[in-house]
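The primary structure of each chain is shown beneath.
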Amino acid sequence: TIRRWLHHPSAGIVAALILLVSLLLAHTFDTNALMVVLGIEVVVLVLMLALVDDDIVRFMTIVGHGPWRIVVRHARGVLLFAALTVPVCWFAFGPVAAGIITAAALATLLLLTMRILAYCLYAKRFADLLVSISIGLLMLVAYSMSFLLPFLAIAILWQLQRRAAARTWLLA
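Figured I'd write up the structure that's included with this text. (Residues numbered from 1 in each chain as written. Predicted model: local features only at pLDDT ≥ 70, side-chain atom pairs only at ≥ 80, totals over all residues. Heavy atoms only, no water.)

## Comments concerning a nonpolar patch on the surface
So, step 1. Together, V36, I40, V44 and M48 make up an exposed nonpolar region whose accessible area comes to about 370 Å².
So, step 2. Along the chain, I40 falls in helix α3 (residues 31–49).
So, step 3. Take I40: its relative accessible area is 54%, and that puts it in the exposed class. (Patch = residues over 30% accessible without salt bridge, like charges linked within 9 Å, V, L, I, M, F, W, Y side chains within 5 Å. Areas by Shrake-Rupley, 256 points an atom, 1.4 Å probe, with all protein chains shown as cover. Salt bridge = Lys/Arg side-chain N within 4 Å of Asp/Glu carboxyl O. Helix = DSSP H or I, 4+ residues; strand = E, 2+ residues; numbered from the N terminus. Buried < 20%, exposed > 50% of the residue type's maximum accessible area, 1.4 Å probe, protein only.)

Below is the structure:
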């Protein structure tokens with residue numbers, strides 16, 4: 001039931017409130033320490049909101065839900081979390097804090113989307129292996145040729161989505 005609740009938009013609101021209250025309590029820290037605390041909290045909270053159950057994704061695919069509909073259903077909490085915390089942190093702590101939250105939310109949404117699309121196609125172990133290899137490739141490209149990162153991410157998502165859309169309603 002906790003995993004199911006984490007996909008509900010109210011989980012994003014609760015996570016945003018937890019982050020904002022903890023940042024209010026940590027206002028005595030210097031700027032660098034505050035950004036470190038912010039980064040750690042944001043990563044932990046958005047990763048909790050991005051949990052995916054492979055059996056649910058596979059069932060939703062079999063009964064006819066399209067891959068993007070499944071992604072949107074699972075991403076509501078992360079999107080609401082980012083929509084609430086980015087503007088508040090921009091005005092309260094500056095653009096660096098908002099940038100940290102935006103980067104963590106976008107990276108988590110990319111991971112969430114890749115996992116859901118892979119779960120539509122393959123069993124859990126192979127899908128996790130495929131996502132791990134893809135993330136490793138994205139990190140390598142981000143380190144060596146960062147200007148190619150968006151193109152590679154779009155290409156990976158496009159390939160996974162194209163194959164996952166063909167699996168909708170497929171009972172196998």
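## Here's the deal with the layout of surface pockets
So, step 1. Taken as a whole, the largest pocket encloses approximately 260 Å³ of empty space.
So, step 2. For the largest pocket, the lining is made up of 14 residues, of which A107, T108, L110, L111 and I135 are closest to its centre.
So, step 3. Here the lining of the largest pocket takes 5 residues from helix α6 (residues 95–121), the largest share from any one element.
So, step 4. Residue composition of the lining of the largest pocket, grouped by class: 13 nonpolar, 1 polar and no charged.
So, step 5. When its volume is computed, the second largest pocket comes out at roughly 170 Å³.
So, step 6. If you go around the second largest pocket, the residues you meet are W68, L106, A107, L109, L110, T113 and L157. (1 Å grid on protein atoms, 1.4 Å probe; cavity = no way out; pocket = protein on both sides within 12 Å on 5 of 7 lines; lining within 4 Å. Points joined across faces, edges and corners; volume = space filled by probe spheres on them. Nonpolar A, V, L, I, M, F, W, Y, C, P; charged D, E, K, R; others polar.)

## Section: the side chain of H74
So, step 1. Residue placement: H74 occurs in helix α5 (residues 67–93).
So, step 2. Its relative accessible area of 1% is what places H74 among the buried residues.
So, step 3. Look past the residues within four positions of H74 in its chain and what remains in contact with it is H7, L49, L51, V52, V57, M60, L112 and I116. (Contact = heavy atoms within 4.5 Å.)

Everything listed here is a matter of geometry and, on its own, says nothing about what the molecule does.
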